[in-house]
Amino acid sequence: MGHLGRLKGEYRDLVERLDAGQVGLPEPRDERAREARREILEILFSPEDAAIASRLPVRPARLETIAERTGLPPRELETHLEDLAARGIVFDIEHPGSGAKYYLLAPPVVGFFEFSLMRTTDELPRKRLAEAFEAYFHGDETFARELFGAETVIGRTLVHETALDDEMPEVLDWERVSRAVEESEHFAVGLCFCRHKAEHLDRRCEAPMEICLSLNGGARFIAERGFGRAIERREAVDLLTRAREQGLVHISDNVRREPSWICNCCACCCEQIQAINEFDLPAVTPSGFVARPEMESCKGCSRCARACPVGAITMHPRRVEARVKGSLSPEVKGERCIGCGVCAVACRQHAMRMERRAERPYVPENTMERSLRMALERGRLAHLIFDQGAGRGSRFLNRMVQALCRMPVADRVLASEQLRSRFIRRALDSMGSA
Ligand code: SF4
Ligand code: SF4
Ligand code: SF4
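Cut-off values and rules
Residues numbered from 1 in each chain as written. Chains lettered and ligands numbered in written order. Predicted model: local features only at pLDDT ≥ 70, side-chain atom pairs only at ≥ 80, totals over all residues. Heavy atoms only, no water. Helix = DSSP H or I, 4+ residues; strand = E, 2+ residues; numbered from the N terminus. Buried < 20%, exposed > 50% of the residue type's maximum accessible area, 1.4 Å probe, protein only. Contact = heavy atoms within 4.5 Å. Areas by Shrake-Rupley, 256 points an atom, 1.4 Å probe, with all protein chains shown as cover. Near = heavy atom within 4 Å. Nonpolar A, V, L, I, M, F, W, Y, C, P; charged D, E, K, R; others polar. Core = buried A, V, L, I, M, F, W, Y, C linked by side-chain atoms within 4.5 Å. Pairing = 2+ DSSP bridges. Axes fitted to C-alpha atoms, helices over the stretch in contact; angles between N-to-C directions. Parallel < 35°, antiparallel > 145°, perpendicular 65-115°, else oblique. Left-handed = near helix turned anticlockwise from the far one by under 90°. Salt bridge = Lys/Arg side-chain N within 4 Å of Asp/Glu carboxyl O. Phe/Tyr/Trp six-rings, centres within 6.5 Å; stacked < 30°, edge-to-face > 60°.

Caption draft 1: A look at the overall build of the protein chain. Counting secondary structure elements, the protein chain contains 19 helices and 13 strands. By residue count, 54% of the 434 residues in the protein chain fall in the buried class. Sequence-distant contacts in the protein chain: of pairs separated by 6 or more residues, those separated by 24 or more amount to 72%. Of the roughly 20,500 Å² of accessible surface on the protein chain, a fraction of 50% belongs to carbon and sulfur atoms.

Below, the structure is given as structure tokens:
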């Protein structure tokens, strides 16, 4: 059995390349999970796809740059890259100023894993894929740790706004799901990867399947490439209302400015919530709110505890004065609560309130800062900065250096350590070849 998870050459190179990005594909200890990783790669990438993808720079790059790295004629390469983009393996990005096209290898998450189950029209063997995803994600905690084992993660909880008191002071714009929708211009809705996977494993829940909301650039990519359909703002608002009414958790891109997606998640299918419940990992950055029961109005019905997606509420027996029978009272574990507000919406007595968390969790300003932090915390900053062939002095590099300069001192020290060691290695290499 041991050989089944072994990767062929092109796929080993591809894994090495993915491991240099913000989310890699580490090798699990579990035998079946290892085999599943091989299966996923071989289903999604032909050997030729893998050979091209493994040569793509970590940063977005122009066709000519990639042609140099792969040795393929630009015309032929462009056809390949367009095909990879159509399958969600590569993102094509338009430079906002020049309109020039750049290509970027999608990470597995949020990226080609999800895209593989967001369409129902292509020829992919979805059941086999779903089984392989399940085995790779849950065989052991290796992949969950890759995604969620560091401080900066891909998603953050957005509190249900109806769970907030009107007089709650200082709810910031970026904490409001309604504001994310108001400030966006393009919207698309796609199939929920996690529920689609669950459906192929014969355990789909009642929550809607078509409910993953993409915004702006993300929405354009999803609609243009056929991973979902473009919708109007009104439909996006309705979709979020429906999600709230069904007790789903809003989890969005972990950035304050211009989030590109808002997921509406259930505890039974969502991989992010399952990583909290199964592996006890801080898979989602909590909102700046935490639930607190008001005992005067609480009837001890346990609805809140049943609704909580992460088991943060425990019901304890309590004595009620002048009553023969006791009752139950909820206790919220603040460090486990992700601040979603689902319990407050579920409580018919309005006895579960959302209040400000003592310390507001840190949310990166934008995608650039989040990528930088993720790379830094995973020891991959040098890959991002010294990405061979992606062109120095680029707008990308400037923005990255600006984001680095804004970081707290401790993070900048860590960054300089990662970069210094790379400088030293390079210097040694060049001395060796002199
Ligand atoms: S994260 Fe949530 S909405 Fe997104 S695909 Fe998973 S369950 Fe569906
Ligand atoms: S749902 Fe409301 S009333 Fe019922 S136990 Fe929870 S806080 Fe109390
Ligand atoms: S206690 Fe549970 S349901 Fe309530 S806000 Fe916290 S995580 Fe959400």
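Having put the structure on the table, let's press on.
Caption draft 2: Layout of the site of ligand 2. Around ligand 2 sit Cys 298, Lys 299, Gly 300, Cys 301, Ser 302, Arg 303, Cys 304, Met 315, Cys 347, Gln 349 and Ala 351, and those are all the residues in its vicinity. A class-by-class count of the residues in the shell around ligand 2 yields six nonpolar, three polar and two charged.

Caption draft 3: Layout of the site of ligand 3. Around ligand 3, 13 residues are found, and the nearest of them are Cys 308, Cys 337, Cys 340, Gly 341 and Cys 343. Looking at the shell around ligand 3, its residues break down into 11 nonpolar, two polar and no charged.

Caption draft 4: Expanded view of unusual backbone geometry. The amide bond that connects Val 109 to the next residue, Val 110, takes the cis arrangement and shows omega of -15°. A positive phi is found at Glu 258, a non-glycine position, where the angle reads about 50°. By the element assignment, Glu 258 lies in the loop between strand S7 (249–253) and strand S8 (261–265). Its identity is not glycine, yet Asp 280 carries a phi of approximately 60°, on the positive side. Relative to the assigned elements, Asp 280 resides in the loop between helix H13 (271–279) and strand S9 (284–285).

Caption draft 5: Quick peek at the nonpolar core. Residues Phe 45, Leu 81, Phe 113, Phe 143 and Met 352 are the most contacted members of the largest nonpolar core, which totals 119 residues. Other than its neighbours up to four places away in sequence, Met 352 contacts Ala 291, Arg 292, Pro 293, Cys 304, Ile 313, Pro 330, Val 332, Cys 343, Ala 344 and Cys 347. In this structure, Leu 372, Ala 375, Ile 385 and Met 407 belong to the second largest nonpolar core, which totals 12 residues.

Caption draft 6: Up close: the sheet that holds S9. An order of S6-S4-S5-S8-S7-S3-S9 is seen for the seven strands of this open sheet, with the pairing classed as mixed. Both outer strands of the open sheet, strand S6 (228–231) and S9, are each paired with one neighbouring strand and no more. With four bridges connecting them, strand S4 (residues 187–191) and S6 associate as antiparallel partners. If you follow Phe 187 over to S6, its bridge partner there is Ile 231.

Caption draft 7: How the structure looks around the packing of helix H7 (residues 126–138) against H13. For the pair H7 and H13, the least separation of the axes is 12 Å and the interaxial angle reads 40°. Classified by the angle their axes make, H7 and H13 are oblique. Considering how the two elements wind past one another, H7 and H13 form a crossing that is right-handed. Every residue of H13 that contacts H7 at Glu 134, Phe 137 and His 138 is listed here: Glu 271, Gln 274, Glu 278 and Phe 279.

Caption draft 8: Representation of the pattern of salt bridges within the structure. By the definition in use, this model includes 39 salt bridges. Note that Glu 271 is salt-bridged to Lys 197, the shortest N-O span being 2.5 Å. Taken as a pair, Glu 271 in helix H13 and Lys 197 in helix H10 (residues 193–200) lie far apart in primary sequence, 74 residues in all. Lys 197 carries the same exposure label as Glu 271, and that label is buried.

Caption draft 9: Up close: the packing of helix H4 (residues 63–70) against helix H5 (residues 74–86). Across the interface, H4 lies against H5 with an axial gap of 10 Å and an inter-helix angle of 105°. It follows that H4 is roughly perpendicular to H5 by the angle criterion. Note on element contacts: H5 touches H4 through Pro 74, Leu 77, Glu 78 and Leu 81, opposite Leu 63, Ile 66, Ala 67 and Thr 70. Of the residues contributing to the contact of H4 with H5, the split by class is six nonpolar, one polar and one charged.

Caption draft 10: The packing of aromatic side chains, seen in detail. Overall, the coordinates contain 16 aromatic pairs when judged by the stated rule. When the centroid spacing of 4.8 Å and the interplanar angle of 55° are considered together, the rings of Phe 113 and Phe 133 count as tilted. In this pair, Phe 113 sits in helix H6 (residues 108–116) while Phe 133 sits in helix H7, placing the two residues 20 residues apart along the sequence. When its relative accessible area of 1% is taken as the criterion, Phe 113 is described as buried.

Limitation: the analysis is restricted to geometry and does not speak to function.
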